[in-house]
Amino acid sequence: MNRFTQQRILNGDLDAYGEVVREHQDMLLGYALRRLSDWTLAEEVVQLTFIRAYQRLAEFRAEEEFGVWLCVTCKYLILTELEKKRRETNNLSNYREQLEVEIATALTEDMEPDFRSDQLAGLRDCVGKLGREAADLVALRYFNKRSCKEIAEQKQRTVSWVTTTLNRVRKTLRECMEKSLQSGGAS
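The structure presented is a predicted model; accordingly, all values stated were derived computationally and were not measured. (Residues numbered from 1 in each chain as written. Predicted model: local features only at pLDDT ≥ 70, side-chain atom pairs only at ≥ 80, totals over all residues. Heavy atoms only, no water.)

*Asks:* Requested: an account of helix 1 (residues 3-10), with residues and values cited.
*Replies:* Those residues of helix 1 that fall on the buried side of the exposure criterion are Thr5, Gln6 and Ile9. In an axial view of helix 1, the angular spread of the buried residues amounts to 100°, which keeps them on one side of the axis. Those residues of helix 1 that are exposed and angled more than 90 degrees off the buried face are Arg3 and Phe4. The inward-facing, buried residues of helix 1 contact helix 2 (14-36) and helix 3 (39-55). Looking one or two residues past helix 1, Gly12 carries a phi angle of roughly 100°, positive in sign. (Buried < 20%, exposed > 50% of the residue type's maximum accessible area, 1.4 Å probe, protein only. Helix = DSSP H or I, 4+ residues; strand = E, 2+ residues; numbered from the N terminus. Arc of directions from axis to C-beta. Contact = heavy atoms within 4.5 Å.)

Okay, structure coming up:
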């Protein structure tokens, strides 16, 4: 990018920035996809990269290669995303087994009265607060014992989408349960 284009963008010419985005987006998407192996996540990171680059455009020196500058920005966003996924996976794995058992139990209608504890009531309440699609995924995975691959085929989604969505749902349920237990019952 030359100084003239940079100045046009800094002066608010969004069309000029659109040209720059179109010129570099395929290269940047390929770069992100090789490192993340998840198309949706790579697209999100690329979008964030262009936003970050726009916000910091005044720091760019015209004698540098803009594509390299974008890749460096993208690299740090990728590293942040990978660390976030690693932490989330570690956190979710701590609760996963217990949550799977509790969800399966909560979804069965013929539970013995002895199993109806405050925790179970809270979990049932939390599952009830999920959106329809999230509750359906929970039912398919834990009640119907479907694999993520089977769910993906049924929902016409990718396995990655199913696993990511289930991870987010488990996190939501865990937070809801923690809130419920802190308040002393179903929230």
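*Asks:* Please set out the state of the cysteines residue by residue, giving values where relevant.
*Replies:* Evaluated as defined, the whole model comprises one disulfide. At a sulfur-sulfur separation of 2.0 Å, the disulfide partner of Cys126 is Cys176. Negative torsions about the S-S bond denote left-handed disulfides, and the value of about -85° found for Cys126 with Cys176 makes this one left-handed. Of this pair, Cys126 sits in helix 5 (residues 118-129) while Cys176 is found in helix 8 (residues 159-182), placing the two residues 50 residues apart along the sequence. The same class applies to Cys126 as to Cys176, namely buried. Among the cysteines around Cys74, which has no disulfide bond, Cys71 carries the closest sulfur, lying 6.7 Å off. (Disulfide = S-S within 2.5 Å.)

*Asks:* Just give me the short version of the environment of Val127, but keep the residues and values in it.
*Replies:* Tracing the backbone through its elements, the reader meets Val127 in helix 5. On the accessibility criterion, Val127 (10% relative accessible area) is buried. In sequence terms Val127 and Val138 are 11 residues apart; their C-alpha atoms lie 8.4 Å from each other.

*Asks:* How would you explain the packing of aromatic side chains if you had to name every residue and give the values?
*Replies:* Inspection of every chain in the model, using the stated rule, returns four aromatic pairs. Judged by centre distance (5.2 Å) and plane angle (50°), the ring pair of Phe60 and Trp69 falls under tilted. Of the residues examined, Phe60 reaches a relative accessible area of 3% and is grouped as buried. Of the aromatic side chains, those joined through ring pairs into one cluster are Phe60, Phe66 and Trp69. Positioned above the aromatic ring of Tyr76 is the side chain of Lys75, whose terminal nitrogen or guanidinium carbon lies 5.4 Å from the ring centre. (Phe/Tyr/Trp six-rings, centres within 6.5 Å; stacked < 30°, edge-to-face > 60°. Lys NZ or Arg CZ within 6 Å of the ring centre and 35° of its normal.)

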